[in-house]
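Each chain is listed here by its residues.
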Amino acid sequence: MSTETRASIVIATESDVPKILDLSNWAAEKTPANFATEPEPLATWLASWEQTNERYPWLVAKRKDDVLGFAKASPHRARGAYAWTAEVSVYVRGDVHGQRVGTVLYRHLIPLLREQGYVTLLAGITSPHPPSERLHAAFGFTRCGTFHRSGWKFGQWYDVGYWELQLRGD
């Protein structure tokens with residue numbers, strides 16, 4: 001049986017935030033996919049969850065109480081005209097990469113954001129990152145721009161590709 005069929009996708013609660021942060025901090029420490037250069041504090045993530053979770057969903061993929069990955073939406077910018085645009089991100093635990101956990105998370109998150117009335121979704125992807133690029137392309141995201149040399153980590157510069165998904169054509 002695949003991880004995809006054994007993982008349940010649920011809306012994150014405050015009690016999930018420490019495990020979500022563990023995944024994010026692991027990615028920050030081990031990969032260029034997350035531009036944090038040191039572990040981020042739980043208080044910062046709890047404040048972000050509290051401020052955004054009602055309008056911008058946070059989802060977790062769980063097997064029993066074990067968090068396999070998370071996907072979340074967040075504001076793109078603070079000014080009012082951006083109210084119909086959300087940034088999305090997905091992180092999957094290293095030992096379950098390639099087991100479609102990210103796919104299952106996006107299968108839930110993207111329709112939820114469409115139902116909420118969002119028009120455009122954006123994703124920033126450290127380049128190169130073929131698995132993330134393939135995941136986003138599979139959901140219809142297209143690369144719309146590149147910020148060159150925008151992050152210095154692990155002794156080298158990284159570009160960030162921006163990807164967009166139009167949820168409505170009007």
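About the cut-offs
Residues numbered from 1 in each chain as written. Predicted model: local features only at pLDDT ≥ 70, side-chain atom pairs only at ≥ 80, totals over all residues. Heavy atoms only, no water. Buried < 20%, exposed > 50% of the residue type's maximum accessible area, 1.4 Å probe, protein only. Helix = DSSP H or I, 4+ residues; strand = E, 2+ residues; numbered from the N terminus. Pairing = 2+ DSSP bridges. Right-handed = clockwise from strand over helix to strand, strands pointing away. Axes fitted to C-alpha atoms, helices over the stretch in contact; angles between N-to-C directions. Contact = heavy atoms within 4.5 Å. Phe/Tyr/Trp six-rings, centres within 6.5 Å; stacked < 30°, edge-to-face > 60°. Lys NZ or Arg CZ within 6 Å of the ring centre and 35° of its normal. Core = buried A, V, L, I, M, F, W, Y, C linked by side-chain atoms within 4.5 Å.

## Focus on the pairing of strand S5 (residues 120-127)
Thinking step 1. Taking burial as the measure, the eight residues of S5 include seven buried ones, the bulk of the element.
Thinking step 2. Bridge count between strand S4 (residues 85-92) and S5: three bridges; the pairing is parallel. Note that in S5 the partner of alanine 86 across the bridge is leucine 121.
Thinking step 3. Following the chain from S4 across helix H4 (residues 101-115) to the adjacent parallel S5, one finds a crossover that is right-handed.
Thinking step 4. Note: S5 against strand S7 (residues 156-166), eight bridges, orientation antiparallel. Bridge pairing in S7 links alanine 123 to tryptophan 163.

## Notes on the sheet that holds strand S2 (residues 58-63)
Thinking step 1. Taken in spatial order, the seven strands of this open sheet run S1-S2-S3-S4-S5-S7-S6, and their pairing is mixed. Looking at which strands have only one partner, the edges of the open sheet turn out to be strand S1 (8-11) and strand S6 (142-153). Each neighbouring strand pair of the sheet contributes to a mean axis angle of 25°, computed without reference to strand direction.
Thinking step 2. Of the strands in this sheet, S2, strand S3 (66-75), S4 and S6 are in contact with helix H2 (residues 17-30), which crosses S3 at around 85°.
Thinking step 3. Each of S4, S5, S6 and S7 is contacted by helix H5 (residues 130-138), which is oriented at about 160° to S5, the strand it contacts most.

## Some points on the packing of aromatic side chains
Thinking step 1. Counted according to the given criterion, the structure contains eight aromatic pairs.
Thinking step 2. Aromatic side chains phenylalanine 70 and tyrosine 91 sit 5.4 Å apart centroid to centroid with 25° between the ring planes, which places their arrangement in the stacked category. Here phenylalanine 70 is found in strand S3, whereas its partner tyrosine 91 is found in strand S4, with 21 residues between them in sequence. Judged on exposure class, the residue phenylalanine 70 and its partner tyrosine 91 are both buried.
Thinking step 3. A connected cluster of aromatic rings, assembled from ring pairs, spans Trp45, Trp58, Phe70 and Tyr91.
Thinking step 4. Its end group placed over the ring of tryptophan 58, lysine 72 keeps NZ or CZ at 4.8 Å from the ring centre.

## Describing unusual backbone geometry
Thinking step 1. A cis amide bond links serine 127 to the next residue, proline 128, at an omega of 5°.
Thinking step 2. Inspection of the secondary structure assignment puts proline 128 in the loop between S5 and H5.
Thinking step 3. With a phi angle near 70°, arginine 100 is a residue other than glycine that sits in the positive phi range.
Thinking step 4. Unlike most non-glycine residues, phenylalanine 154 shows phi in positive territory, near 55°.
Thinking step 5. Tracing the backbone shows phenylalanine 154 in the loop between S6 and S7.

## Focus: the environment of aspartate 170
Thinking step 1. If you trace the backbone, aspartate 170 turns up in the segment after S7.
Thinking step 2. Using a relative accessible area of 71% as the deciding quantity, one classes aspartate 170 as exposed.
Thinking step 3. Placed 92 residues apart in sequence, aspartate 170 and alanine 78 show a C-alpha to C-alpha distance of 23 Å.

## Details of the nonpolar core
Thinking step 1. One finds Val88, Leu105, Tyr106, Leu121 and Phe141 to be the most contacted residues of the largest nonpolar core, which totals 29 residues.
Thinking step 2. For this core, the secondary structure elements donating two or more residues are S2, S3, S4, H4, S5 and S7.
Thinking step 3. A per-element tally of this core places H4 first, with seven residues.
Thinking step 4. If near-sequence neighbours (up to four positions away) are discounted, leucine 121 is found in contact with Ala86, Val88, Ile110, Leu113, Phe141, Trp163, Glu164, Leu165 and Leu167.

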